[in-house]
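The chain contents come next:
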Amino acid sequence: MTPPPPPGPQLLGPLLAQLRLARGWSQLRVAAELCAASGVPTLSRHEVSRWERQLRLPGEFWLGWLAVVLAVPADLLATAAARTRSLGPPPAFGGSRPRAALLALAQRWLADPRAVLLPGTPARPAARGDGAGPLRLAELRRLDDLVGGADLAGLGAYRLGRAVRALSGCAPSARPRLLPELAESAQLAGWLAADAGDAAGALDAYRLALRAAATAGDPSLAGHVLGSASHLLTGVGDPEGALVLARTAYAGARRSASPGLRALLLHRVALAAALGGRAGAARQALDAARRVTDAPEPGREPPWLYWLDGPELAAMTGRTLVALGRPLPAEAPLHAVRRRGPRTSAIYGGWLARGYLQLGEVERACAVAGEALLDAVRAGSPRALGQLADVRRRLAGHGDEPAVRRYRALAAAAAPYLPRPGPPPGPAGRQAPTWRAARRPPGAATGSAPTG
């Protein structure tokens, strides 16, 4: 017997997912049942996924057949659809061209790494280095632990610009040292741009990072670049693209990757699969990651993966379990990492609040979301607001509860202080990809000192 849906107004996407999971069905099974009941054989699992993620809303025809297949009143789904429609569409991702370019480059790299080499630069074995400059890569990475991308993206772009110019003007003998530095600088610049909410600029930087890593002969770093890009796409509502990048990263890097990197890439696969409605693939990836390692050994990992440890991997598992609709085992690991700094607390706090909403614990969800909102202000990270936006949409069905009213009041008061997403200004005030925009240290045009 199918349990009744939760009382009160619902948003359509979460309601459809709850009804499906209550029956133990996959999205593929829902699509098959709809095709059989309606006599229309063309509905796919991807369309069901879009409905649950609220990227699209089913029309009256499919709402009627959904009510039949899921054995619920048609009015319930119609009311949920109307409420969802009143909120408007989710934020659109404007990086379609950089996304397509990176996906194509990733496939070429997997087929033949030499096909994506930097123009005019012969492939050479990687030689590690963290070249001297106004801010070393290791220092900038650790600044990212403390300061959000809104403040650091300009520094990342400036650091990458220096690496590009150093490689273009160096002697051939210096290239083996400078190529890994360029690849790591581009990966970090992409990560900081993504944290600042500049998705298109981040994808541009990741594309450069992939070419540089391939030219340096470093498939592990190339896999990390694609894993970072996959994480970006999950955050902007593109789990299908994220899954392609994560699987490409793992396939291309697994033979050379350290245990921690293999586990990380499998977690990228798991999250993208879970958000895309592929529960079986997500569980398989989680199981595989667990077999690789639960606690990476620092001495066996590359220096750019210094931040990955057992609690972080456990929190990643918890995040994926929430995406799979299994919030109970996710609670403890998500709580554990929230003491690691404001951005970590904001990001994982958003996932924890989402899990509490799945359990029907609205008051606890609002309390955690309120703490995460304040941490997002402290962090200066637009990326940290991603899950909180999802929580806000899910709270729309509980607007009359006192805890929800308090959270909305807090959100309204915090709004002027929240970090704003977007790329830093390029030359002459234009918006440009972050790694191309910076010619001087951030702040030079206005007279202010660089952050940090």
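Residues numbered from 1 in each chain as written. Predicted model: local features only at pLDDT ≥ 70, side-chain atom pairs only at ≥ 80, totals over all residues. Heavy atoms only, no water.

(A) Just the overall build of the protein chain, in detail. Scanning the protein chain from terminus to terminus reveals 21 helices and 0 strands. Buried positions account for 53% of the 452 residues belonging to the protein chain. Sequence separation of 24 or more characterises 70% of the internal contacts of the protein chain that already satisfy a separation of 6 or more. As displayed, the protein chain has an accessible area near 19500 Å², and 56% of this comes from carbon and sulfur atoms. (Helix = DSSP H or I, 4+ residues; strand = E, 2+ residues; numbered from the N terminus. Buried < 20%, exposed > 50% of the residue type's maximum accessible area, 1.4 Å probe, protein only. Contact = heavy atoms within 4.5 Å. Areas by Shrake-Rupley, 256 points an atom, 1.4 Å probe, with all protein chains shown as cover.)

(B) Local environment of the environment of E331. Within the secondary structure layout, E331 lies in helix α16 (residues 331-336). According to the relative accessible area criterion, E331 is partly exposed, its value standing at 22%. Taking the C-alpha atoms as reference points, E331 and G355, 24 residues apart in sequence, are found 7.6 Å from one another.

(C) Local environment of the packing of helix α10 (residues 199-215) against helix α11 (residues 219-235). At their nearest, the axes of α10 and α11 sit 9 Å apart, and the two run at 165° to each other. The orientation of α10 relative to α11 falls into the category roughly antiparallel. Judged by the sense of rotation from one axis to the other, the crossing of α10 with α11 is left-handed. Where α10 abuts α11, its residues A199, A202, L203, Y206, A209, L210 and A213 lie against L221, A222, V225, L226, S228, A229, L232 and L233. Each residue belonging to the contact of α10 with α11 can be placed in one class, and the counts come to 14 nonpolar, 1 polar and no charged. (Axes fitted to C-alpha atoms, helices over the stretch in contact; angles between N-to-C directions. Parallel < 35°, antiparallel > 145°, perpendicular 65-115°, else oblique. Left-handed = near helix turned anticlockwise from the far one by under 90°. Nonpolar A, V, L, I, M, F, W, Y, C, P; charged D, E, K, R; others polar.)

(D) Region of the structure containing the side chain of R45. Here R45 shows up in helix α3 (residues 45-52). Within the structure, the side chain of R45 is placed 3.0 Å from the side chain of H46, a separation counted as a polar contact. Only 3.0 Å separates the side chain of R45 from the backbone oxygen of G276, close enough to count as a polar contact. The contact partners of R45, leaving out residues within four places of it in the chain, are Q27, L28, A31, E240, G276, G277 and R278. (Polar contact = N/O pair within 3.5 Å; in protein donor to acceptor, adjacent residues only side chain to side chain.)

(E) Quick peek at the packing of aromatic side chains. Applying the stated criterion across every chain yields a total of 2 aromatic pairs. An angle of 50° between the planes, with centres 6.3 Å apart, marks the rings of W51 and W62 as tilted. With W51 in helix α3 and W62 in helix α4 (residues 60-70), the pair connects residues that are 11 residues apart, well separated along the chain. Considered together, W51 and W62 belong to a single accessibility category, that of buried residues. (Phe/Tyr/Trp six-rings, centres within 6.5 Å; stacked < 30°, edge-to-face > 60°.)

Any functional reading would require information that these geometric values do not contain.
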